[in-house]
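Analysis of the macromolecular model
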Amino acid sequence: MNYGYFDDENKEYVITDPKTPVKWTNYVGTLSFGGIIDHTGGSLICKGDPALNRIVKYIPQLPGSDFKGETLYIRIKEKNGYKVFSPFFVPTLDKYDKYECHVGMSYQKIISEFYNIRTEVTIFVPNNKSVVLRDIKITNIGNTPIELDIIPVVEFTHFDALKQYTNADWVPQTMTVDADINGSGNIILKQYAFMKKETEVNYFTSNYPVDSFQTDRKLFLGDNEYGTWKNPLELQNSGLSNYESKRGDNIAALLHKLGELKPGESKRIITQLGQDLPEKINSTVEEFRNTENVESAFNELSEFWENYLSKASFETPDSAFNSMINIHNPRQCHTTFNWSRYLSLYQLGLGARGIGFRDSSQDVMGIITNMPNEGKSLMKKLLSVQKADGSAMHQFFPLTMEATEGDSREDGEKHFYGDDHLWIVFAVSAYLKETGDYNFLNEKITFYDKNINIEKRESGTVLNHLQRSLNFTKNNIGKHGLPLLGFADWNDTVNLLGDAESVFIANQYGVALNEMIELMEYLGEHEKAAEYKNDFARMKKIVNEHCWDGEWYLRYFEENGEPIGSHKNSEGKIFTNAQSWSVLSGFATGERAKIAIDSVNKKLNTANGIKLSYPGYNGYDPKKGGVTTYPPGAKENGGIFLHSNPWVMIAETMIGNGDRAYEYYNQINPASKNEVIDTFECEPYCYPQNILGDEHPQFGLARNSWLSGTSSWTYQAATKYILGIQAAHNGLQINPCIPKNWEGFSATRVFRNTTYKITVKNPNGISKGVKQIKVDNQIISGNVIPISNDDNTHTVEVTLE
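Report on the accompanying structure.

Reading the values: the criteria
- For every chain, the first residue of its written sequence is number 1, and the numbers climb from 1 along that sequence.
- Where local features are concerned, this predicted model is filtered to residues with pLDDT of at least 70; where side-chain atom pairs are given and counted, the filter is 80 or more; whole-chain, interface and lining totals use all residues.
- Derived side-chain values reflect all non-hydrogen atoms in the structure, with water molecules and hydrogen atoms excluded from consideration.
- Here a cavity means grid points, on a 1 Å grid over the protein atoms only, where a 1.4 Å probe fits yet cannot get out; a pocket means an open set of points with protein on both sides within 12 Å along at least five of seven lines; lining residues are those with an atom within 4 Å of a point.
- Grid points are joined across faces, edges and corners, and a volume is the space filled by probe spheres set on the points.
- In this text, helices come from DSSP runs of H or I with a minimum length of four residues, and strands from runs of E with a minimum of two, each type numbered from the N-terminal end.
- For this classification, Asp, Glu, Lys and Arg are treated as charged, while Ala, Val, Leu, Ile, Met, Phe, Trp, Tyr, Cys and Pro are nonpolar and the rest, including Gly, are polar.
- Residues form patches when they are more than 30% accessible in relative terms and have no salt bridge. Like charges link within 9 Å. Nonpolar side chains (Val, Leu, Ile, Met, Phe, Trp, Tyr) link within 5 Å.
- All accessible-area figures derive from a Shrake-Rupley calculation using a 1.4 Å probe, and residue coverage is judged against the displayed protein chains alone.
- Note on definitions: salt bridges are taken to be side-chain nitrogens of Lys or Arg within 4 Å of carboxyl oxygens of Asp or Glu.
- For every residue, the accessible area (1.4 Å probe, protein chains only) is compared with the maximum for its type, and the residue is labelled buried under 20%, exposed over 50%, or partly exposed between those bounds.
- DSSP-based pairing: two strands are paired if at least 2 bridges between them are found.
- Think of it this way: a Phe, Tyr or Trp ring, Trp meaning its six-membered ring, pairs with another when their centres are within 6.5 Å, and the plane angle makes it stacked under 30 degrees, edge-to-face over 60, tilted otherwise.
- To get an axis, a line is fitted to the C-alpha atoms, and for a helix only the part in contact is used. The angle between two axes follows their N-to-C directions and goes from 0 to 180 degrees.
- Orientation labels follow simple angle bins: below 35 degrees gives roughly parallel, above 145 gives roughly antiparallel, 65 to 115 gives roughly perpendicular, and whatever is left gives oblique.
- By convention, the crossing between two helices is left-handed when the near helix turns anticlockwise from the far helix through less than a right angle, and right-handed when the turn is clockwise.
- Every residue pair with non-hydrogen atoms within 4.5 Å of one another is taken to be in contact.
- Put simply, a disulfide is two cysteine sulfurs that come within 2.5 Å.
- Here, expected helix span is obtained from the residue count minus one, scaled by 1.5 Å.
- Take the seven residues that end at a residue and the seven that start at it, fit an axis to each, and the angle between those axes is the bend at that residue.
- N or O atoms closer than or at 3.5 Å make up a polar contact, with two conditions inside protein: a donor-capable atom paired with an acceptor-capable one, and, for residues adjacent in sequence, both atoms drawn from side chains.

**Notes on empty space enclosed by the protein**
- Tallied over the entire structure, the rule returns six cavities of 30 Å³ or more.
- Here the largest cavity is characterised by a volume of approximately 100 Å³.
- Around the largest cavity, the lining comprises 14 residues; the ones closest to its centre are T369, Y715, T719, K720 and R749.
- With four residues, the single largest contributor to the lining of the largest cavity is helix 18 (residues 710-722).
- When grouped by side-chain class, the residues that make up the lining of the largest cavity number seven nonpolar, five polar and two charged.

**A short note on a nonpolar patch on the surface**
- Taken together, the side chains of Y522, L523 and I787 define a hydrophobic patch exposed on the protein surface, amounting to about 240 Å² of accessible area.
- Note that Y522 resides in helix 11 (residues 503-523).
- Y522 gets classed as partly exposed once you look at its relative accessible area, which sits at 39%.

**Topic: the sheet that holds strand 26 (residues 556-557)**
- The sheet built from three strands is open, its strands ordered 25-26-27 with antiparallel pairing. Edge strands, defined here as strands with exactly one partner in the open sheet, are strand 25 (501-502) and strand 27 (563-564).
- Two strands pair when backbone bridges link them, and strand 26 and strand 27 are joined in this way by two bridges, in the antiparallel orientation. Opposite F557, over in strand 27, you have P563 as the bridge partner.

**Description of the packing of aromatic side chains**
- All chains considered together, the criterion is met by 46 aromatic pairs.
- Ring centres of F6 and Y13 lie 4.8 Å apart, and the angle between their planes is 80 degrees; on these two criteria the pair is classed as edge-to-face.
- Overall, Y13 belongs to the buried group, its relative accessible area being 0%.
- Each ring, one from F536 and one from F587, has its centre 4.8 Å from the other, and the planes form 55 degrees; the classification is tilted. Of this pair, F536 sits in helix 12 (residues 526-546) while F587 sits in the loop between helix 13 (576-585) and helix 14 (590-603), and the two are 51 residues apart along the sequence.

**A word on the packing of helix 10 (residues 462-475) against helix 12**
- Orientation of helix 10 relative to helix 12, taken along the N-to-C sense of each, is 30 degrees, at an axis distance of 12 Å. Looking at the two axes, helix 10 sits roughly parallel to helix 12. Like other packed secondary-structure pairs, helix 10 and helix 12 cross with a definite hand, here left-handed. Mapping the contact onto sequence places Q467, L470 and K474 in helix 10 and K528, E531, Y532, D535 and R538 in helix 12.
- Here the residues of the contact of helix 10 with helix 12 sort into two nonpolar, one polar and five charged.

**Observations concerning the state of the cysteines**
- Going through the model one piece at a time under the given rule, you end up with zero disulfides.
- The cysteine C333 is free of any disulfide, with C686 supplying the nearest cysteine sulfur at 12 Å.

**Considering helix 6 (residues 319-339)**
- Taking 1.5 Å of rise per residue, the 21 residues of helix 6 would be expected to cover 30 Å, and the 29 Å separating its terminal C-alpha atoms lies within 8% of that figure.
- When the local axis directions of helix 6 are compared, the greatest deviation, roughly 40 degrees, occurs at I325.
- In terms of burial, helix 6 is largely enclosed, as 19 of its 21 residues are buried.
- By the N-cap criterion, in which a side-chain oxygen at the helix start approaches the backbone nitrogen of a residue two or three places on, helix 6 is capped by D318, the distance to A320 being 2.9 Å.
- Just downstream of helix 6 lies S340, where phi reads positive at about 50 degrees.

What follows is the structure in C-alpha cells.
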C-alpha cells in the first residue's frame, strides 16, 4: 500500500493516508528550542534539553489513534449541539475527504477536508526563536454557510521529563497555569512548574479573540475524565469554564468562535507555544500576532534551507539518488547534528542518553560543508568531555554539560568505550580540511573531571586532545597487541569480559593515524608524522598476523584468546565491520581487501541491506552481552544495522568497485521502500537505524528512524566516495567511483569561499580513474583542485579513463 509521495520541487514528502504503519515524524526548530511533530499534528517540544526542560507531554508508546501532546478541534454548530472533529484525523478519527501531511524542511503542513471544511495548518519554529507557530487557515468549501469554532489544545508536561512518569505525588502539586487577559479578548495562558515561575514560563496564545479557555485536563475531558480526547465533553458546552489550574494535569485550550463562514470564505488564526522569561513573553507574542511577521519568519526559514543546501548539490542519472543526496539526506544530517541520539520516538529523551561523544563526532562530519562554525562549536563541547588520559565520557547533557560513562557504568571494571575518543580525530580533521582553520588546533579546552571545578581542570590545545586520543589507544592494548575493547566499541551490545580486544578499534585507530599523518605532514611536523607512521605500521602488522581468518578478518579476541568472528565459531562467524574497516584503514593488503569485501557480499548481503554479522546468536549468553538479548536477525544480532552499510560502500570505492558501492547504496535508500511500506513501515524520507535481517520472520521491517549515524555516513559515502568530491588539506579532491553505466554527472560545490561548477564525463564506461581535470579550461596536475579562496565561481571539467 502507498502512503504518500515525494515532491522534490517543494522539497517535501507528502503523506496522503494518516493511518501509517507506525507514527511518522518530522523535526521543527533545533535542540535550542524545538522537537517532534508527527503526521497527525501531535508534538513533543522542549527547550535546550528534552530530559531537563520538556514542555509538551507526548507518550510515544500510546496507539497512533490517541491524542499525543497537541491537537486542533473544530466544532460545527448544529441544531441540537455541536459536531466536534479534528482536522488532523487524530484523535477523533472522522472520515476525511482529503488528508495531506507535507513533511517539509523544518516545517509540517497539514491540509485536510472534512465536512466541507478545508483546513491548512503550517507548523514551524522561526529561526533563533523559542516559539512554535501554527498558522491555521479554515475555509468553507461547501455551498452553504457554516457556523464553527476552533479549539487548539496543548497538554503540558513537567520540565523534568522522567519525573513526570515516576513521581505522581510531587509533580502534579507543582503544575500551575495563569491566564493573562487583555482588553481586546486575546489571552496568554502561562504554565510553569512552581519553582520555575520566575525563570522558565511556558505560554500558549493566539492572535484571535478568545471566547473562553480551559487549563485543567479533567474539566476539559469531563465526567471525571471518563470523557475522552476523541470526544471532550466540555466542547458540548457553549463555552469553556475559564478555570486557572493550580495543580494537576495542565492543558491549554483556547476556544475561538469564528462565527458564520460563507461559502468560499476563509479565516486565519495563528497560535504560539513557547517558553521564555516572564518579562520577555509579551514581546514575542506581539511580534507573531502580526501575520506579516509570521510570513516573513517562514520565508527566512526557507532561505536558511536554500542556503544550506546550496553548499553542495549534485545531478546524476538517478533521480532517486539525487533526491536523497540533495534534499532528504542532508536534512537528516542537520537533524542528527542537533539531536544526536537524544530525542525521537525511539530514543525518548528521558535522561538515559544525552549527546553522545561517538554519535555527535560522526554527525558533525555530515554537516561540516554546510555549517562549519556550528560544527566547530559542537566539537568544542565534545572535546570538553574528553578525559586527561585521552579517553572520553560517553555522553553529556547539553543544559548542564554534565557527562557520564553511559551504560559502561554497569560494569564495575571498565568505565570506557574503546572507540569513543578516536571519533573526534575524524571530526576535527574533516573540519580542518573543509575550512583551513588551523588556528583551531591551538585553542585550549579543558579535560573533563567531574570531581574538579572547571576553573581548576587541566587543559590542552585541540591538537593535544587529538594526540591524547591516539595515545590512549596505543597504551591500552591486550595480549595480541590489539586495542582493548573496554565496555564496548561501536557495537555497544558486544560486552566481553576482562581484557578483550577489538579488531574494529585497531582499524579505527589506523584511520585516525592516517588522518594525523596527513595533518602533521601538511603542518610540517615531519618528526611527529614519522612517529605516527611507525605506529601505523606496527598495528597493521599485528592485524594481519593475528586477525586474518582465511577469507575474512576476525572481529574480537576474548580475554582467553578465543576469537569471535571466525569460521571456528558456530554463531557470529563473520562481522561486517571487521572487513570494511580493514580496507578503510589500509591494513588489508590488496588481495586480502578484495577477499574480505567479497566475503561480505557472499555471506552478509541481502536485498534489504548488509547484515552486521552472521549467523545470529540463538540464546542469551552473559559472556557475550547485550547482542544475545535479541533474537537472530534483530538489531546487532545479525540484523541489518544500516550505519555499517556505508562503510562497506566506501570500502568498495577504495578498491574501485563503483557498481557494487552503488548497489549497496540503493539497497538501503529509504525512498526505494516507498512502494513496500507495509513491510518496511518506517518513514521513506529518512534513514532508520535498523532493518530486520533474513534470519528474522519479519525480514525487511525497519525501526528507529531519523537519529542514526547512517545519515552522516551514507551522505559521506555518496558525495565523498561514490561522487568522489571531498575536501583535502591542500584543495578540493575529485576522485569519483561511479557505476560504469553512468555517462557522468555534475555538481556545484562551495569550498573555502569559492564555488566550483563541476562536470564529470565517463566516455569509456569505467568506475574509477581520473584522466584529466581542467579548471577554467586549464589542465591541472593530479586530482586536487588548488585552493582559490577568491569568492568567485570556477568551472571544473573532469574526464575519467
